[in-house]
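Report on the structure
Okay, here's what each chain looks like letter by letter:
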Amino acid sequence: MRPVDRTSRLVRRGRGIGTRLALMAAAVVLLTMALAGGLLIRSMGQVYHTEARTRAASLLGTLAVPCAMAVSVNALERLDAYLSEVARAGGEHMDILHVAMLDSSGRVIAQAVADERSGEVATASMFGLDEPFRRRAANSADAEWRETRDPAGHLRLTVSTPAVSGLRWGTIVATFDLRPVELRVRIARWALVGLSLLFAAVLGIEMYSGLSRMVVTPVRRLAAAAAAIQRGNLGARAEVPQNDELGRLADAFNDMAAQMQSYTEGLERKVAERSAEVQRKNEQLEAVNAQLEQAVAELARLASQDALTGIANRRQFMEVLERHVGKPAQPPTTLLMVDVDHFKRLNDTFGHPVGDRVLREVARLLGTGLRGTDLLARYGGEEFTAVLPATPPDVGFEVAERLRTAISHHDFREAAGIDIGKVSVSIGIACHPIHAATSAELIRCADEALYTAKREGRDRAVAFRVPPPA
Amino acid sequence: MRRLALLPLLLVPLLLACEPPLDAGSIAMHQPAPPPPPTGAALLLQPEDLPPGQTVLRLGVTPYSSPAALTAELQPIANWLTGVLGVQVQLKIASNYEDLVAQFAAGQVDVALFSPLSYVMARRRVPDLHLLAQTLSYGAASYTSYILVRVDDPAQGLRDLKGRRMAWVDPFSTAGYLFPYDALLVAGVDPERDLRSTLFAGTHEAALAALVAGQVDAAAVSSSTLVLKRGDPVHGLDLGSVRILARAGRIPYDATCARPAIPVSGVRKISWALQNLDTRSQQGRAVLATAEGITGWIPAADDTYDGVRAALVRVQKHRDQFGRPEVGRATR
């Protein structure tokens, strides 16, 4: 199993799809509502303002005929009365602040203000009726209007209507207080803002729950299944019972998981088989190795052993001797040099096979008389050596004497197969470091002692004697 | 994502930013004003603008007042026309409505000021007459007929006038007879049988005075009478004692016509001259100061008087059942 990468995507933190979708849904809904609401409020405001203008124009239109009639007979006091009456009565939802009749060149020929209590002398310019507008109104065949703000910032609507009754007798101009209209627009605006927010909230929640049901829950299930599979539960599947893209994705995911599970199980099975095979091969290899080691050991043994007698050969003897000799502060090591007496004659008399058997029997007898720590080796021909570690020369001599005695008293008939008579050995003894400091010197000393034993009549053990100083 | 979360914040400024800016504009009127007629030398009548050999223009009027009063009222208009047209305009007062139509048909007057009903009659007799202009009276192109009762009268509608006393103005009067007669017929009141008594008062003011005085229970008068009287209490009539029971029809004011013999070029100049005279200017006010109710002239069309024509047909048909004389033939 691949180790889990802790920085991988499955341990990421942050807003989930659900939160993001909810935010996006709310944002989209709010934005849409804001745009639609803004446009709606704008057009509603325009409708209210258009309505106000139309009402104002129509109010002035009804005033046109009586005013025209008054003007036609130059009854200005009657005109004043009409205008005052209208200014007092006002318009529907709109208070008239000022109403005036203009002549053909835009001059005010009569006017009335709604609130005469202020005591101020009303002038047309107080109500936004400046010269340009009066001229425009007097010359236009249409109803002219414009919106202004009074010094207090209140919105006013000034509307003019041609006073036509057969002829154009003048122009009626009135200024209306638009505060009630503004209030209506403001109330409508806030009502719409409230409704928009409510609608956006409901729609957002509805969209979120819908999206959650359709998208977020399936995606979470897919993510959970993927995480479970990542943790090693290859049997995990995503339950998405929808017949849409996510449903199809879940089906594909589940198919993929099933395939992965089957593939992984197959792979594990193959790995197990391969492992068993490798183990088997290892075991075989180990067996071969063991054989090889055995063969190597045999070879080593053969390299250090004398083929005829089975004891150490000269090479091993030299190695062992070298280990014990030449190192200072070592306990004394005694070397025995053993030679079979008159062996050439024995060989010549009874043949080499008998000679070999005799050599083997001598080696056996010598080995029997030695300690386990001692090394017996065939030095060459009928010559043997024995290295006796931690053995002073006197002990070595005793050992040599015992070995010589054992051989000279031994009956070789059984070993040789025939009666060959008495077999004896001569033994030279030398001791390190008493007699020699090196192995070669020790061998020479032992050999010299052996020669002495031979010269003195054979079948004896002779220790190296230090020659008297010249 | 963080930017996205800021989007809802746009809502508030967006909604608050909808304050419409201060604006101005026009609302198109349904009846555009007609172009002003030419003035000055273009109006001077040339010999070819009049019938061959004719050097004066005779202006015929109905005798709705005494000849002396009428002359005083209308002579300034004739004088003004003389100055504008460059031709002597003579005032010619007919003996009655019928006489004016007859003189007009006979070519004894060149231009006539017809009441609406007289115009319909004249058109019947002289189909190819020229309609020059329509009079504006008290600044209005049309008026209506009021059927008045006293304020304490129990009548709530025209049907309540059955068995009551009624004052008409004149059998030849449009607002004082033809239209209220038609309105009673439409309301199911037969003016010939259902009224207890009827009175022809002669003038609108006399009919009104008869009602105020209690000589009748109802009076049919022109609306302009009432408008005028409201602002003009000289006659001493207590208008607070009467109320309008019903309005009858919409009547165009008087039609000014030229006889067919006047050439079209002359007709056009006379029409323009009339349309140039109104009370909007100081000069116009001076000329029309004595003319009762006339405040100007506007271009006219024959179909304006179709309503009068239809009412006349209905009323005449009804009167025929009772063997009454033709409306136009009635005498005061």
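Shown above is the structure to which this text applies.
The structure reproduced in this document is the subject of the present report. (Residues numbered from 1 in each chain as written. Chains lettered and ligands numbered in written order. Predicted model: local features only at pLDDT ≥ 70, side-chain atom pairs only at ≥ 80, totals over all residues. Heavy atoms only, no water.)

Picture the strands of a sheet paired through backbone hydrogen bonds; they go either parallel or antiparallel. All names here are of chain B. Reading across from one edge, β3-β2-β4-β11-β5-β12 is the order of the six strands in this open sheet, with mixed pairing throughout. Edge positions in the open sheet fall to β3 (88–93) and β12 (294–298), since each of these has one partner strand only. For this sheet, the mean angle separating the axes of adjacent strands, direction not counted, is 25°. Bridge analysis of strand β4 (residues 111–114) against strand β11 (residues 255–258) gives four bridges, and the strand direction is antiparallel. Its bridge partner lying in β11, Ala-112 is registered against Cys-257. Packing of helix α3 (residues 97–106) onto the sheet brings it into contact with β2 (56–61), β3, β4 and β11, and relative to β4 it is tilted by some 155°. Sitting on the sheet, helix α8 (residues 264–275) touches β2, β4, β5 (130–137), β11 and β12, and the angle it makes with β5 is about 5°. (Pairing = 2+ DSSP bridges. Helix = DSSP H or I, 4+ residues; strand = E, 2+ residues; numbered from the N terminus. Axes fitted to C-alpha atoms, helices over the stretch in contact; angles between N-to-C directions. Contact = heavy atoms within 4.5 Å.)

To continue, consider the packing of aromatic side chains. Summed over all chains, the structure comprises eight aromatic pairs over all chains. Note on Tyr-119 of chain B and Tyr-305 of chain B: the rings are 4.7 Å apart at their centroids and 50° apart in plane angle, and the pair reads as tilted. One end of the pair, Tyr-119 of chain B, is in helix α4 (residues 116–125); the other, Tyr-305 of chain B, is in the loop between β12 and α10 (306–321), with 186 residues separating them in the sequence. Overall, Tyr-119 of chain B belongs to the buried group, its relative accessible area being 0%. Of the aromatic side chains, those joined through ring pairs into one cluster are Trp-168, Tyr-177, Tyr-181 and Phe-200 of chain B. We note Arg-53 of chain A situated over the ring of Trp-145 of chain A; from NZ or CZ to the ring centre the distance is 3.7 Å. (Phe/Tyr/Trp six-rings, centres within 6.5 Å; stacked < 30°, edge-to-face > 60°. Buried < 20%, exposed > 50% of the residue type's maximum accessible area, 1.4 Å probe, protein only. Lys NZ or Arg CZ within 6 Å of the ring centre and 35° of its normal.)

All names here are of chain A. Within the element layout of this structure, Glu-361 appears in helix α8 (residues 352–368). We classify Glu-361 as buried; its relative accessible area is 11%. Residues contacting Glu-361, with those up to four places away along its chain left out, are His-410, Phe-412 and Ala-415.

Residues and elements named next belong to chain B. Within the secondary structure, Ile-270 sits in helix α8. Sequence separation between Ile-270 and Val-111 is 159 residues, and the spatial gap between their C-alpha atoms is 9.1 Å. The residues touching Ile-270, leaving out its near neighbours within four places in the chain, are Leu-45, Leu-57, Leu-85, Val-111, Leu-132 and Ile-262.

For the rest of this paragraph, the subject is the sheet that holds strand β9 (residues 425–432) of chain A. All names here are of chain A. Here we have five strands laid out as an open sheet, ordered β7-β8-β6-β9-β10, and mixed in their pairing. The open sheet is flanked by β7 (375–380) and β10 (461–463), the only strands paired with a single partner. Within the sheet, the average angular offset between the axes of one strand and its neighbour, ignoring direction, is 20°. Inspection of the sheet shows β9 paired to β10 by three bridges, in the parallel sense. Pairing of Gly-428 across the sheet is with Val-462, part of β10. On the sheet, helix α6 (residues 314–324) packs against β6 (333–340), β7, β8 (383–388) and β9 and is oriented at approximately 125° with respect to β7. The sheet strands contacting helix α9 (residues 393–408) are β6, β8, β9 and β10, and the helix crosses β9 at an angle near 165°.

Quick look at the environment of Ala-390 of chain A now. All names here are of chain A. Within the secondary structure, Ala-390 is located in the loop between β8 and α9. Judged by relative accessible area, Ala-390 falls into the partly exposed class, the value being 48%. Considered as a pair, Ala-390 and His-324 are 66 residues apart in the sequence and their alpha carbons are 9.1 Å apart. Leave out the neighbours within four places in its chain, and Ala-390 touches Pro-331, Pro-332 and Thr-333.

So, on to the pairing of β6 of chain A. Residues and elements named next belong to chain A. Taken across its eight residues, β6 has eight buried, putting it largely inside the fold. Of the two faces of β6, both are covered, the one formed by Thr-333, Leu-335, Met-337 and Asp-339 as well as the one formed by Thr-334, Leu-336, Val-338 and Val-340. Strand direction decides the pairing type here: β6 and β9, joined by eight bridges, are antiparallel. Bridging across to β9, Met-337 finds its partner in Gly-428.

All names here are of chain A. For the structure shown, the criterion picks out 37 salt bridges over all chains. Here Arg-53 makes a salt bridge to Glu-147, at a shortest N to O gap of 3.6 Å. Taken together, the positions of Arg-53 in helix α1 (residues 17–72) and Glu-147 in strand β3 (residues 143–149) put the pair 94 residues apart, joining distant regions of the chain. The same class applies to Arg-53 as to Glu-147, namely buried. Residue Glu-131 pairs with Arg-134 through a salt bridge whose shortest N-O separation is 3.4 Å. One end of the pair, Glu-131, and the other, Arg-134, are both in helix α3 (residues 131–139), three residues apart, so they sit about a helical turn from each other. (Salt bridge = Lys/Arg side-chain N within 4 Å of Asp/Glu carboxyl O.)

Now for the packing of α6 of chain A against helix α11 (residues 439–455) of chain A. Residues and elements named next belong to chain A. Packing of α6 against α11 brings their axes to within 10 Å, and their N-to-C directions diverge by 115°. Between α6 and α11, the crossing angle belongs to the class labelled roughly perpendicular. Touching Phe-317, Met-318, Leu-321 and Glu-322 of α6 are Ser-439, Leu-442 and Ile-443, all from α11. The residue makeup of the contact of α6 with α11, split by class, is five nonpolar, one polar and one charged. (Parallel < 35°, antiparallel > 145°, perpendicular 65-115°, else oblique. Nonpolar A, V, L, I, M, F, W, Y, C, P; charged D, E, K, R; others polar.)

Here we take up unusual backbone geometry. Working note: non-glycine residues mostly have negative phi, and peptide bonds are mostly trans. Along the chain, His-432 of chain A connects to Pro-433 of chain A via a cis peptide bond; the corresponding omega equals 10°. Considering the arrangement of structural elements, one finds Pro-433 of chain A in the loop between β9 and α11. The phi angle at His-342 of chain A is positive, at roughly 55°, despite the residue not being glycine. Locating His-342 of chain A in the fold gives a position in the loop between β6 and α7 (343–350). At Tyr-138 of chain B, a position not held by glycine, the phi torsion is positive, near 50°.

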